[in-house]
Amino acid sequence: MASADREAMLRALALLSPGTPLRDGLDRILQAGMGALIVVGDGPPVLNICSGGFLLDAAYSPQRLSELSKMDGAIVLAPNASRIARANVHLVPNPNVPTTETGTRHRTAERVARSINVPVISVSQRMNVISVYVGHEKHQIDPVPRVIARANQAVQTLERYKDRLDEVSVALSALEVEDLVTLRDVVTVLQRSEMVARIAAEIEGYIIELGDDGRLVRLQLEELMGGIGDERRLVVRDYFHEEDSWHLAEALGALSDLSDDDLVDLRRVASAVHLSDGPPDLDESMSPRGHRLLSRIPRLPETVVEAIVDRFGDLQKILRATIDELDDVAGVGKLRARAVKDGLSRLAEASILDRYS
């Protein structure tokens, strides 16, 4: 799903989540064994494809939506579904817009969504299901227990991937301290962090679809995802090759844009992020700049981390630096220099112990 279409679909699903007035109205239509075609938006593009019907402009209520669905035509709502603009409308979208649907109601819904890019809801009378169309995307609203089951399964998968990410992250820290990092070690951490982020994005979609019923899932997600985004950003900052037209944002964007198949290939990940000057050699030695390890020292501002990295260039020189040399860096000072030196020593000891324990 394209990023813009995904965001639009998530906003539409939020309007339809359990407990919202619109979802209550749709449930009433299903319980009555009826069908409906509902357009969420009453701007000029929508009105241009409307024919017949009547102007209502009444406050929305689930009962009114259910009653109006007894008529054959479509129902047009305000963009936030707070008002019912028109009812019993005949929609006339561009017939040349391609559609994969077969039923008349669903074909119209897909064509309208693709033509004017507004959420269109189709309630199937025979299949007893709710389908949402946004742009070129379609999403079928499943019963809450089924969505919760899928969300819980995704959370379990996220927990396993997060454990593996923690393992390779600890291993990378130890290798950085020992100056034994290879391209394979770096790419493995980036690959795992991106996989975790994608699973989390899928769970976020379930949470939005669940509405009030997704509170517990959200709590689990927030606990598992603490610091993942920073970890990925700092690893990229430590190892990618910055150029005039290639900065941190471009590198992170390239990582996010990789397909699932490409993400499995470590060499393609390395090439996408620009971790190597030439063709990726996974056994190539790498030297971190030090952003990632320095960020783990408590109460050390990012500006100070930047100054230290700019002054020494790589992590090994930072580890060998004396307190006086650290004190010479602008913004550090004697107390902070001692804190940096002691903090790096503790992190180095802890990383090696965790790796070999």
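The paragraphs below set out a description of the structure included in this document. Counting starts from 1 at the beginning of each chain's written sequence and moves along it residue by residue. It should be noted that, the model being predicted, local features are given only for residues of pLDDT at least 70 and side-chain atom pairs only at 80 or more, the latter also being counted only at that level, while totals for whole chains, interfaces and linings use all residues. To obtain the side-chain values, all non-hydrogen atoms of the structure were included, while hydrogens and water were left out.

**A closer look at the overall build of the chain**
Thinking step 1. If you tally the helices and strands in the chain, you get 17 helices and 8 strands.
Thinking step 2. Restricting the calculation to C-alpha atoms gives the radius of gyration, and the globule rule supplies 2.2 Å times the number of residues raised to the power 0.38. Rg of the C-alpha trace for the chain: 27 Å, well past the compact-globule value of 21 Å for 357 residues, more than 25% over.
Thinking step 3. In terms of principal-axis extent, the alpha carbons of the chain reach across some 80 × 40 × 35 Å.
Thinking step 4. Only protein chains enter the area calculation, which uses a 1.4 Å probe; residues under 20% of their type maximum are buried, those over 50% are exposed, and those in between are partly exposed. Considering the chain as a whole, with its 357 residues, one finds that 48% of them fall into the buried category.
Thinking step 5. Working rule for contacts: check all heavy atoms of both residues, and any pair within 4.5 Å makes them a contact. Counting only contacts in the chain whose residues sit at least 6 apart along the sequence, the fraction spanning at least 24 positions is 65%.
Thinking step 6. Taken as a whole, the chain presents about 17800 Å² of accessible surface, with 49% of it coming from carbon and sulfur. Only runs of H or I of at least four residues qualify as helices and only runs of E of at least two qualify as strands under DSSP, and these elements are numbered from the N terminus. Accessible surface is estimated by sampling points in the Shrake-Rupley manner with a 1.4 Å probe; for residues, cover comes only from the protein chains shown.

**What about the packing of aromatic side chains?**
Thinking step 1. Pairing of aromatic rings covers Phe, Tyr and the six-membered ring of Trp, with a centre-to-centre limit of 6.5 Å; geometry is then stacked below 30 degrees between planes, edge-to-face above 60, and tilted otherwise. Here the structure, examined in full by the defined rule, presents 0 aromatic pairs.
Thinking step 2. The ring of Phe 312 is capped by Arg 311, whose NZ or CZ atom sits 4.9 Å from the centre of that ring. Charge-over-ring contacts are defined here by two conditions on Lys NZ or Arg CZ: a distance within 6 Å of the ring centre and an angle within 35 degrees of the ring normal.

**Description of helix H9 (residues 228-239)**
Thinking step 1. For H9, built from 12 residues, the straight-helix expectation of 16 Å at 1.5 Å per residue is met to within 8% by its first-to-last C-alpha distance of 17 Å.
Thinking step 2. Burial analysis of H9 places 9 of its 12 residues in the buried class, which makes it a mostly covered element.
Thinking step 3. Of the positions making up H9, those classed as buried are Ile 228, Glu 231, Arg 232, Leu 234, Val 235, Val 236, Arg 237, Asp 238 and Tyr 239. The span you would expect from a helix comes to 1.5 Å times its residue count less one.

**Some points on the packing of helix H7 (residues 183-210) against helix H12 (residues 266-273)**
Thinking step 1. A fitted line through C-alpha atoms serves as each axis, taken over the contacting stretch for helices, and the angle formed by two N-to-C directions is quoted from 0 to 180°. Contact geometry of H7 with H12 gives a least axis separation of 9 Å together with a crossing angle of 85°. For the element pair H7 / H12, the angle class is roughly perpendicular. Each of Leu 183, Arg 184, Val 187, Thr 188 and Gln 191 in H7 lies in contact with H12, whose residues at this interface are Leu 266, Val 269 and Ala 270.
Thinking step 2. In this classification, the charged set is Asp, Glu, Lys and Arg, the nonpolar set is Ala, Val, Leu, Ile, Met, Phe, Trp, Tyr, Cys and Pro, and all remaining amino acids, among them Gly, are polar. For the contact of H7 with H12, the residue count by class is 5 nonpolar, 2 polar and 1 charged. Note on terminology: angles under 35 degrees are roughly parallel, angles over 145 are roughly antiparallel, angles of 65 to 115 are roughly perpendicular, and the others are oblique.

**Quick word on H7**
Thinking step 1. For H7, spanning 28 residues, the distance from its first C-alpha to its last is 41 Å, which sits close to the expected 40 Å at 1.5 Å a residue.
Thinking step 2. The buried count for H7 comes to 21 of 28 residues, which makes it a mostly enclosed element.

**So, the side chain of Gln 316**
Thinking step 1. Looking at the secondary structure, you find Gln 316 in helix H15 (residues 315-320).
Thinking step 2. With residues up to four places along the chain from it excluded, the contact list for Gln 316 reads Glu 176, Val 177 and Asp 179.

**Overview of the packing of helix H6 (residues 144-178) against helix H8 (residues 215-224)**
Working note: a packed helix pair is described by the angle between its axes plus the distance between those axes.
Thinking step 1. Interhelical geometry of H6 versus H8 gives an angle of 10° and a closest axis separation of 11 Å. With respect to their mutual orientation, H6 and H8 come out roughly parallel. Residues Ala 151, Asn 152, Val 155, Leu 158, Glu 159 and Lys 162 of H6 touch H8, and the partners they reach there are Val 217, Gln 220, Leu 221 and Leu 224.
Thinking step 2. Residues that form the contact of H6 with H8 fall into these classes: 6 nonpolar, 2 polar and 2 charged.

**A short note on the nonpolar core**
Thinking step 1. With 45 residues, the main nonpolar core has Val 186, Ile 203, Tyr 239 and Leu 275 as its most contacted residues.
Thinking step 2. Looking at this core, the elements with two or more residues in it are H6, H7, H8, H9, helix H10 (248-257) and H12.
Thinking step 3. For this core, the leading source of residues is H7, giving 13 residues.
Thinking step 4. Not counting chain neighbours up to four residues away, the residues in contact with Tyr 239 comprise Leu 172, Glu 176, Val 181, Val 186, Leu 275, Met 286, Ser 287, Pro 288 and Arg 289. For the purposes of this section, nonpolar cores are sets of buried Ala, Val, Leu, Ile, Met, Phe, Trp, Tyr and Cys residues that join through side-chain atoms within 4.5 Å.

Honestly, it's all geometry; don't read function into it.
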